Amino acid sequence: MNERTVAVLAGGLSHEREVSLRSGRRLAAALRDAGLDVREWDMDASLIERLRTDPPDAVAIALHGGEGENGSVQAVLELLGVPFVGTSAPACRRAWDKPTAKAELSRAGLGTPDWVALPHTTFRALGAQAVLDAMVDRLGLPLMLKPDQGGSALGAQVVRERSDLPAAMVSCLAYGDTVLAERFVVGTEVAVSVVEDGGDAHALPAVEVDAVGGFYDYTARYTPGAATFHCPARLDATVLAGLEEAALAAHHLLGLRDVSRMDAAVDADGRVQILEVNVSPGLTDTSLLPIAARTSGLDLGTLYAALVEQAVARA
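### Things to note about the packing of helix H1 (residues 17-33) against helix H12 (residues 300-314)
Interaxial distance between H1 and H12 falls to 8 Å at its minimum, and their mutual angle equals 85°. As far as their axial angle goes, H12 and H1 are roughly perpendicular. Two secondary-structure elements touch here, H1 through Arg26, Leu27, Ala30 and Leu31 and H12 through Leu300, Gly301, Tyr304 and Ala305. Of the residues in the contact of H1 with H12, the class split is six nonpolar, one polar and one charged.

Structural data, given as structure tokens:
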């Protein structure tokens, strides 16, 4: 393993570039500590030439948002025959589009908040207020409005009053062309990461999120002290088992690979409601997968070094 060369991809041009660079730096340092020869590459126009002329044994993707999670980079790596840690391109596309993923989860009987997804053109053609009123009549309040694609809660807002809907919609559309409106689940917000070891997937301990402002938005995610984390989550053992079961079911159902993270909410009755599933979990100092790994006694570098070995073995 000590002779392995790994290229950590980070950065890119998405709204989450800075977060990705932070994840990439932490992952690169962890892999170096594990004894691997690490190269830190930005996702730019030089990437394909680098992969052709100086191919690493494998690529570790620390990209967030855009091409890093929608299957684009994964498709290029597959075209070039470069092993990489993470989910295949088709499955990335399926998980990246939140309405598509929610529909698959719902069909399989997994809990996810009721929702509707509508493009900007619908609001323009039918009248924004009329469409927003129909949303409230169907889904009730409070509502969560967020872009149908993207991460880090960018553009996401909790709407508690009808009068706040237009402004929330405008904020949401700043990050995408389609609004996903779903019932806001009042309860405990939790994240469960899944990692694979030799093809056997297992869930890490659930991380409970307690955001200071009451909503785990972009600021709460990446500002130290803006949220408090409890791992394992302070929930009944039966609920914790249900969370692990849901995370593993979502991982397999969506065809994910190596590593993923399920974000969910547990309502007052202990029911698990899956909010979304991420193919490239954050690895910053305030990210949830490293917290869960640490609770499990797993070193981040050792964990990802093993995933690199799996990627090489697949090739």
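### A short note on the pattern of salt bridges
Side chains that differ in sign of charge can pair as their charged atoms come close. Summed over all chains, the structure comprises 18 salt bridges. Salt bridges sharing common partners tie together Lys102, Lys146, Glu182 and Glu276.

### What about empty space enclosed by the protein?
The tally for this structure, following the rule as stated, stands at four cavities of 30 Å³ or more. Together, 15 residues line the largest cavity, and Ile61, Val85, Gly86, Val279 and Ser280 are the ones closest to its centre. When the residues that make up the lining of the largest cavity are grouped by side-chain class, the tally is ten nonpolar, five polar and no charged. Looking at the second largest cavity, it is lined by ten residues, and the ones nearest its centre are Glu69, Ala95, Trp96, Val277 and Asn278. Listing elements by their share of the lining of the second largest cavity, those giving two or more residues are helix H4 (89-96) and strand S14 (272-278). Residue contributions to the lining of the second largest cavity peak at three residues, all from S14.

### Side note on helix H5 (residues 98-107)
Here H5 has its buried residues at Lys98, Pro99, Ala101, Lys102, Glu104 and Leu105. Looking at the buried residues of H5, the elements they touch are H4, strand S5 (115-119), strand S6 (143-147), strand S8 (178-183), helix H10 (237-253) and S14. Looking one or two residues past H5, Gly109 carries a phi angle of roughly 90°, positive in sign.

Calculation rules
Residues take numbers from 1 onward in each chain, read along the sequence in its written order. Restriction of local features to residues with pLDDT of at least 70 applies here, the model being predicted, together with a cutoff of 80 or more for giving and counting side-chain atom pairs; totals for whole chains, interfaces and linings are based on all residues. To obtain the side-chain values, all non-hydrogen atoms of the structure were included, while hydrogens and water were left out. Axis definition: a line fit to C-alpha positions, over the contact stretch in the case of helices; interaxial angles, taken between N-to-C directions, run 0 to 180 degrees. Secondary structure elements follow DSSP: runs of H or I of four or more residues count as helices, runs of E of two or more count as strands, with numbering from the N terminus. Relative orientations are named as follows: roughly parallel for angles under 35 degrees, roughly antiparallel for angles over 145 degrees, roughly perpendicular for angles from 65 to 115 degrees, and oblique for any other angle. The contact criterion used throughout is that any non-hydrogen atoms of two residues lie within 4.5 Å. Just so you know the grouping, Ala, Val, Leu, Ile, Met, Phe, Trp, Tyr, Cys and Pro go in nonpolar, Asp, Glu, Lys and Arg go in charged, and all remaining residues, Gly too, go in polar. Definition used for salt bridges: Asp or Glu carboxyl oxygen within 4 Å of a side-chain nitrogen of Lys or Arg. Here a cavity is any set of points on a 1 Å grid over the protein atoms alone where a 1.4 Å probe fits but cannot get out, and a pocket is any open set with protein on both sides within 12 Å along at least 5 of 7 lines; a residue lines the site when it has an atom within 4 Å of a point. Grid points are joined across faces, edges and corners, and a volume is the space filled by probe spheres set on the points. Classification of residues uses two cut-offs on accessible area relative to the type maximum, computed with a 1.4 Å probe and protein chains only: under 20% is buried, over 50% is exposed, and between them is partly exposed.

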